[in-house]
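# Secondary and tertiary structure notes
In case you want the letters, here they are:
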Amino acid sequence: MRLSKFLGPTLRSAPAGAETKSHGLLLRAGYIRPLAPGIFSYLPLGRRALRKIEAVVRAELEALGAQEVTMPGVQPATLVRRSGLWEGAGPELARFDDRCGRPLALAMSHEENAAFLAADSVTSYRQLPVTLFQIGRCFRDEARPRGGIARLREFTLLDSYSFSAGEEGLAAAYRDHLEAFDRIFSRLGLARAVLVESGGGAGTEHDFFYPSEAGDDAIVQCDACGYAADREWARFARPEPPVEEPQPLERVSTPGASSIEGLAKFLDIPESRTAKVVLLNAIQPTAPDDPDRREVLVMALVRGDMEVSEAKLRQAVGALALEPARGGAIEAAGATAGYASPVGLPSSELRVVIDELVATTPNLVAGANEEGVHLRNVNFGRDYRADVVADIALAREDAACPDCTRPLRPHVGFELGSLHRFPADYAERLGATYQDNSGSVAPMRMGSYGIGLDRLLACIAEEHHDERGLVMPATVAPFAVHLVSIAGGDPWIEKRATELYEELVRAGFDTLYDDRDLRAGVKFNDADLMGAPVRVSIGARSLERDGVEVKRRAEEKGAIVDLDNVLERAAGMLADARGKLGPE
Ligand SMILES: [Zn+2]
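Presented here is an overview of the structure given in this document. Note that the structure is predicted; figures quoted are calculated from it, not measured.

The rules behind each value
Residues numbered from 1 in each chain as written. Predicted model: local features only at pLDDT ≥ 70, side-chain atom pairs only at ≥ 80, totals over all residues. Heavy atoms only, no water. Donors = N, O, S within 2.8 Å, 3.2 Å for Na, K, Ca; no water. Tetrahedral: all angles 85-135°; square planar, octahedral: opposite > 155°, others 65-115°. Helix = DSSP H or I, 4+ residues; strand = E, 2+ residues; numbered from the N terminus. Buried < 20%, exposed > 50% of the residue type's maximum accessible area, 1.4 Å probe, protein only. Patch = residues over 30% accessible without salt bridge, like charges linked within 9 Å, V, L, I, M, F, W, Y side chains within 5 Å. Areas by Shrake-Rupley, 256 points an atom, 1.4 Å probe, with all protein chains shown as cover. Salt bridge = Lys/Arg side-chain N within 4 Å of Asp/Glu carboxyl O. Lys, Arg positive; Asp, Glu negative; His and termini not counted. Charge placed at Lys NZ, Arg CZ, Asp CG, Glu CD. Pairing = 2+ DSSP bridges. Axes fitted to C-alpha atoms, helices over the stretch in contact; angles between N-to-C directions. Polar contact = N/O pair within 3.5 Å; in protein donor to acceptor, adjacent residues only side chain to side chain. Contact = heavy atoms within 4.5 Å. 1 Å grid on protein atoms, 1.4 Å probe; cavity = no way out; pocket = protein on both sides within 12 Å on 5 of 7 lines; lining within 4 Å. Points joined across faces, edges and corners; volume = space filled by probe spheres on them. Nonpolar A, V, L, I, M, F, W, Y, C, P; charged D, E, K, R; others polar.

## Quick word on the coordination of the zinc ion
Under perfect tetrahedral coordination by four donors, a metal shows angles of 109.5 degrees; under perfect octahedral coordination by six donors, it shows angles of 90 or 180 degrees. Bound to the zinc ion are the protein donor atoms Cys222 (SG), Cys225 (SG), Cys401 (SG) and Cys404 (SG), situated 2.3 Å from the metal. Each of the four donor atoms around the zinc ion contributes to a set of angles spanning 100 to 118 degrees, which defines the coordination as tetrahedral. Spacing between the donor residues of the zinc ion along the chain follows C-x2-C-x175-C-x2-C. A residue pair is termed long-range when its members are at least 10 positions apart, and Cys225 in the loop between β11 (217-222) and β12 (228-230) and Cys404 in the loop between β20 (388-390) and β21 (408-421) qualify at 179 residues. Judged by relative accessible area, which is 40%, Cys225 ranks as partly exposed.

## Focus on a negative patch on the surface
On the surface, Glu503, Asp546, Asp562 and Asp564 cluster together into a patch of negative charge. The topology assignment puts Asp562 in strand β31 (residues 559-562).

## Considering unusual backbone geometry
Each neighbour pair has its own omega, and for Leu128 with Pro129 the value is 0 degrees, a cis peptide bond. Looking at where Pro129 falls in the secondary structure, it is placed in the loop between α5 (111-121) and β7 (130-139). The phi dihedral of Asn363 falls on the positive side, at around 55 degrees, and the residue is not glycine. Within the secondary structure, Asn363 is located in the loop between α10 (356-360) and β18 (364-370).

## Describing the sheet that holds β18
If you walk across this open sheet you meet the three strands as β13-β19-β18, and the pairing is antiparallel. With partners counted over all chains shown, the strands left at the sheet margins are β13 (250-253) and β18, one partner each. Along the sheet, successive strands turn relative to each other by an average axial angle of 35 degrees, direction set aside. With four bridges connecting them, β13 and strand β19 (residues 373-378) associate as antiparallel partners. Residue pairing across strands places Arg251 opposite Leu375, the latter belonging to β19.

## Some details on the side chain of Ser162
When you line up the elements, Ser162 lands in strand β8 (residues 154-164). Taking relative accessible area as the criterion, Ser162 reaches 0% and is therefore assigned buried. Among the polar contacts made by the side chain of Ser162, one reaches the side chain of Tyr449 at a distance of 2.7 Å. If we ignore the near neighbours within four places in the chain, the residues touching Ser162 are Val130, Thr131, Leu170, Ala173, His177, Arg445, Met446, Gly447 and Tyr449.

## Some points on the layout of surface pockets
The volume enclosed by the second largest pocket comes to roughly 350 Å³. If you trace the second largest pocket, you find 17 residues lining it, with Val471, Met472, Ala554, Ala577 and Lys580 closest to the centre. Among the elements that make up the lining of the second largest pocket, the one with the highest residue count is helix α16 (residues 566-579) (three residues). Class assignment for the residues of the lining of the second largest pocket results in eleven nonpolar, two polar and four charged.

Worth remembering: the numbers are spatial, not functional.
In structure tokens, the structure reads:
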């Protein structure tokens, strides 16, 4: 490709509003252009990089035996309702009606559609396992699109879905994907990606996380034993509750002490001796053919010095989503906001979910469901009951490792990919069943595995750059060789440069040829900005020695190489650069 004809506009400095290093560089180097918040176009350079990322992802998935399909970006509500997403999703799911008034949604992922395809064509255990994947555009109306292409509303997603017979089949598909994702990140130059626990089930589900100051996802990590988890899902070592005999329940007047901080101060006790109540409205799954929303008021209790993890709570109550409780529902349940507790409330109006530590800590102070009044010595079992006792607490900044009790440390970064095992009833809801070897009908076990490819490119740019521009890994670089002609208007040099360009292309090098009539300095700056791994420059000075200068982007100095040896040298440099990224 000749740069004189190429739509690759570079900018001298990052435009105002570039939020991260990668965002500024991808704009400056002419990879991307913004259209609206969270919506970007890829210019030819960016598109080539994304295509290379897609190729690596596709190759690794196909090596697992996964089969590529294309699923629609527009989905009918009748399909999306099957998983509960239609009811459970908030405004992030873009919904609209077609001309006949039939409700539709833009796909955020494709689990319902993949399950529909599996249900449609798989009938017997002999056809399992099967894995379907797609690489395509999705839309999610994010509240906070940011960081350029790191958190988009319209994005390119790899989503892969495995269908297996039984738990063991699911475990094998899950492990295969985990290993494939690991290889994908290594090959793309993101070897620092960390595998972290996510989801419930104590370590059976994972995310890949890329540590970066520019990111806004959070994990906690133990330096001593290597335990790492998504902050929302992190397990942590629980402090030992005090050993005390339950004391008699006692009313205490606490005017104005409607916050935990105010209450602890008023009674002169540590916050850890109080119970914190959070009231939420849980949206519950309904039968696929039942369009009515089912809601229930949830009263969640954690110790006063902790916060509720909404992710853990959502899983504990099996809710599709949680939203703030409505005043009317709180009143109808007999609770008083700011002074609420499950003590003395009829349990039919609400679901009480308490954290394990609240269940084991004696003599807590909790609300009396009366303005300005609390209760001392509240004890679980004696004074109230719970529908669910579970770990629903968010790991604090100073939390201890659940495996070795050393301190956990918080890190920010980006979630690169996630792996998920659906519960056994999920595929059943979606109609994905098969006949097992005894002839009875069983639900397929289903897993889903996703990688956001735009974010991957943002992280690659975040990791691979210097003060002059991008230093792209050989597997991602839009062009392998950036050929700079320093002809200075000399037709003979121009001719030699063009001959070399044609030779490089014939030999199969992805070559960007800077044939523009510009100063050498400007051309070198653009080459540094765009980030091709190998730069070849040809001009009067090198031709005097019958050679060209060949330079790695990652190194300061190049070397003069005989014209006859250019291809060999460039191939060697590229093979070397690829080799550093792990086996293909
Ligand atoms: Zn540890």
